[in-house]
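Descriptive analysis of the structure
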2 protein chains.
Amino acid sequence: MKAKVYITPKQGILDPQGVAIERSLPALGFEGVANVRVGKYIELELPAGDGAADEVDKMCHKLLANPIIEDFRFELETE
Amino acid sequence: MKAKVYITPKQGILDPQGVAIERSLPALGFEGVANVRVGKYIELELPAGDGAADEVDKMCHKLLANPIIEDFRFELETE
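What this report covers is the structure whose coordinates are included nearby. Here the structure is a predicted model, which is why all the values come from computation and not from measurement.

Moving on to the relation of the copies chain B and chain A. The transformation that overlays chain B on chain A combines an axial shift of 0.0 Å with a rotation of 180 degrees, and the residual RMSD is 0.0 Å. The operation mapping one copy onto its partner corresponds to a two-fold rotation axis. Within chain B, the C-alpha atom positioned nearest to the axis of rotation is that of B:Lys40, 2.1 Å from it. Counting the interface residues of chain B, we find that 100% of their copies in chain A are interface residues as well, pointing to one common contact surface.

As a working rule, side chains carrying opposite charge can pair if their charged atoms are close by. All names here are of chain A. Counting across every chain of the model gives eight salt bridges over all chains. Asp54 serves as the salt-bridge partner of Lys58, at 3.6 Å between the closest nitrogen and oxygen. With Lys58 and Asp54 both in helix α2 (residues 52-64) and four residues apart, the pair spans about one turn of that helix. A relative accessible area of 39% means that Lys58 is categorised as partly exposed. Residue classification places Asp54 among the partly exposed residues on the basis of a relative accessible area of 45%.

Below, the discussion takes up the packing of aromatic side chains. Summed over the entire model, instances satisfying the criterion amount to five aromatic pairs over all chains. Grouping aromatic residues by their ring pairs yields a cluster made of A:Tyr6, A:Tyr41, B:Tyr6 and B:Tyr41. Its end group placed over the ring of A:Tyr6, A:Arg73 keeps NZ or CZ at 4.3 Å from the ring centre.

Trans is the common state for peptide bonds, and a negative phi is the common state for residues other than glycine. In this structure, A:Asn35 is a non-glycine residue whose phi angle is positive, near 50 degrees. You can see A:Asn35 is positioned in strand β2 (residues 34-45).

Here we come to the interface of chain B and chain A. One frequent convention defines the size of an interface as the accessible area lost when the parts assemble. Counting from both sides, the interface comprises 34 residues of chain B and, opposite them, 34 residues of chain A. When chain B packs against chain A, the two sides together hide about 2800 Å² of surface, and 66% of this comes from carbon and sulfur. Linking chain B to chain A there are ten residue pairs in polar contact (both at pLDDT 80 or more). When contributions to the side of chain B that touches chain A are tallied by element, the ones reaching two or more residues are β1 (2-9), α1 (16-24), β2 (34-45) and α2 (52-64) of chain B.

Conventions used here
- Residues numbered from 1 in each chain as written.
- Chains lettered and ligands numbered in written order.
- Predicted model: local features only at pLDDT ≥ 70, side-chain atom pairs only at ≥ 80, totals over all residues.
- Heavy atoms only, no water.
- Least-squares fit on C-alpha atoms with pLDDT ≥ 70 in both.
- Contact = heavy atoms within 4.5 Å.
- Salt bridge = Lys/Arg side-chain N within 4 Å of Asp/Glu carboxyl O.
- Helix = DSSP H or I, 4+ residues; strand = E, 2+ residues; numbered from the N terminus.
- Buried < 20%, exposed > 50% of the residue type's maximum accessible area, 1.4 Å probe, protein only.
- Phe/Tyr/Trp six-rings, centres within 6.5 Å; stacked < 30°, edge-to-face > 60°.
- Lys NZ or Arg CZ within 6 Å of the ring centre and 35° of its normal.
- Buried area = accessible area lost by both parts, 1.4 Å probe.
- Polar contact = N/O pair within 3.5 Å; in protein donor to acceptor, adjacent residues only side chain to side chain.

Written out as structure tokens, the structure is:
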């Protein structure tokens, strides 16, 4: 089965990539864009089973995300 | 309105971050995980309007993604 993991910087945590994008957009002709936050999007395949959601949650805590400064959520898709 | 942009490395493009994660998972006790692909997830707010989708598409081409090596898709949410 496929897991899609979305990782975002927590509210209040400085996001330098987001700030850089926000500052660059007006020079490219895009006005009024605000609150740009840059996170990660991870796709992976894992063995299907009842424990899959629990497994992905653990992967996020241990390796994929940094729970101190990042929030994460994920979706599982049966193929 | 809010835009959520998902950027992934194109099929066939080497994804070193994904490879690194895939190799690290077994050591942490996660077996059988395959096809890990690491991309970016960007949230931003922009002025609502008919042209919003077109605007985000242009932002992706010009700044957010590298269309040569990355695929992107996005969703718009009215708040």
